[in-house]
Amino acid sequence: MAGSDMMESTLAFPLLSFPSRPAAGEALASALASRVAEAHKAGRRARIALSGGSSPEPAYRAFAALDLNWSQIDIALVDDRWVSTDNPGSNQAMIERAFGAATGVTIHGLVRPTLSARQAEADINAIMAELRPFDAIVLGMGPDAHTASWFPGSPDLAACLNPDTRASVIGVDAGQAPVALPYRERMTMTLPCVCEAGHVLLLLFGDDKKAILESAVTAPITQAPIRAAIEAAGPRFVTFWAS
């Protein structure tokens, strides 16, 4: 990939190193555009799932600025806090803001404000069943090595990572994870939904996050849930990193 170098590390999957965060974000946008082009060439809608947080928003804006047939693209969320879109913690609000220029795109949110996350599972699973498998999924990683809303210490972690679950999403209680607070109630994709995607892409910034990722590959999955995605996706798991 132009502008990237393969990072020398102990990782057993590609880690692409970029000279700057904007460069990493632009490379991620280009990778997503390639997946869209493949889907459209095959005569079908493209299906992308994106994570929230502040780090990926510039990359999403770069993706949204590309000249694509957005009316034939579905964007879902990997996870979200159980809040309305007027809450600053809403991942859906960030995605909608980032894709303001992508005229015609369809964004599938995970939150139903009139219900609890558990109560909304059936409705959202029905929608996700129509979208799976995704052409590409973008993940992030927290300082506790969580990804999606798979938090160490969560009573719902085993359900999230169950390789045999037929659920695409489940409502989770993240109250035992300090980094999740104050947003305890969440909806998240499950491991099978994430890792059946054609490409599983991790956007990661900072030397500290790179060190956490390197440690995660040998840590117990209960302590470093991102390891579950790394192992399940295998060679389809690619990291875009910049310091």
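So, a few notes on the structure that sits alongside this text.

Quick notes on the rules
Residues numbered from 1 in each chain as written. Predicted model: local features only at pLDDT ≥ 70, side-chain atom pairs only at ≥ 80, totals over all residues. Heavy atoms only, no water. Pairing = 2+ DSSP bridges. Helix = DSSP H or I, 4+ residues; strand = E, 2+ residues; numbered from the N terminus. Axes fitted to C-alpha atoms, helices over the stretch in contact; angles between N-to-C directions. Contact = heavy atoms within 4.5 Å. Buried < 20%, exposed > 50% of the residue type's maximum accessible area, 1.4 Å probe, protein only. Arc of directions from axis to C-beta. Parallel < 35°, antiparallel > 145°, perpendicular 65-115°, else oblique. Nonpolar A, V, L, I, M, F, W, Y, C, P; charged D, E, K, R; others polar.

This part covers the sheet that holds strand 8 (residues 169–173). The strand order 5-9-8 describes an open sheet built from 3 strands, whose pairing is antiparallel. At either margin of the open sheet sits one strand with a lone partner, and together these are strand 5 (79–81) and strand 8. The average angle at which neighbouring strand axes cross in this sheet is 20 degrees, direction not considered. Of the strands in this sheet, strand 8 and strand 9 (185–189) are in contact with helix 4 (residues 117–131), which crosses strand 8 at around 155 degrees.

Time to look at unusual backbone geometry. Residue Pro133 is reached from Arg132 by a cis peptide bond, and omega for that bond is -5 degrees. With an omega dihedral of 10 degrees, the bond running from Leu181 to Pro182 counts as a cis peptide bond. Phi at Ala145 is positive, roughly 65 degrees, even though this residue is not glycine. Relative to the elements of secondary structure, Ala145 occurs in the loop between strand 7 (136–139) and helix 5 (157–160). By relative accessible area, which is 4% here, Ala145 ends up buried. Of note in this structure, Ala148 is not a glycine but carries a positive phi near 50 degrees.

Moving on, we get to helix 7 (residues 207–216). Residues of helix 7 that are buried include every one of Lys209, Lys210, Leu213 and Ala216, and no others. Viewed along the axis of helix 7, the buried residues span an arc of 120 degrees, placing them on a single side of the element. Exposed side of helix 7, more than 90 degrees from the buried face: Asp207 and Asp208 are the residues found there. Of the surrounding elements, those touching the buried residues of helix 7 are strand 2 (15–18), strand 10 (200–205), helix 8 (226–233) and strand 11 (237–242).

Interaxial distance between helix 2 (residues 57–64) and helix 3 (residues 91–98) falls to 8 Å at its minimum, and their mutual angle equals 40 degrees. Comparing the axis directions of helix 2 and helix 3 gives the class oblique. Contacts between helix 2 and helix 3 pair Glu57, Tyr60, Arg61 and Ala64 from the former with Met94, Ile95, Arg97 and Ala98 from the latter. Across the contact of helix 2 with helix 3, the residue classes break down as 5 nonpolar, no polar and 3 charged.

Here Asn125 is to be found in helix 4. Since its relative accessible area comes to 17%, Asn125 is described here as buried. Those residues in contact with Asn125, other than ones at most four positions away along the chain, are Ala167, Ser168 and Val169.

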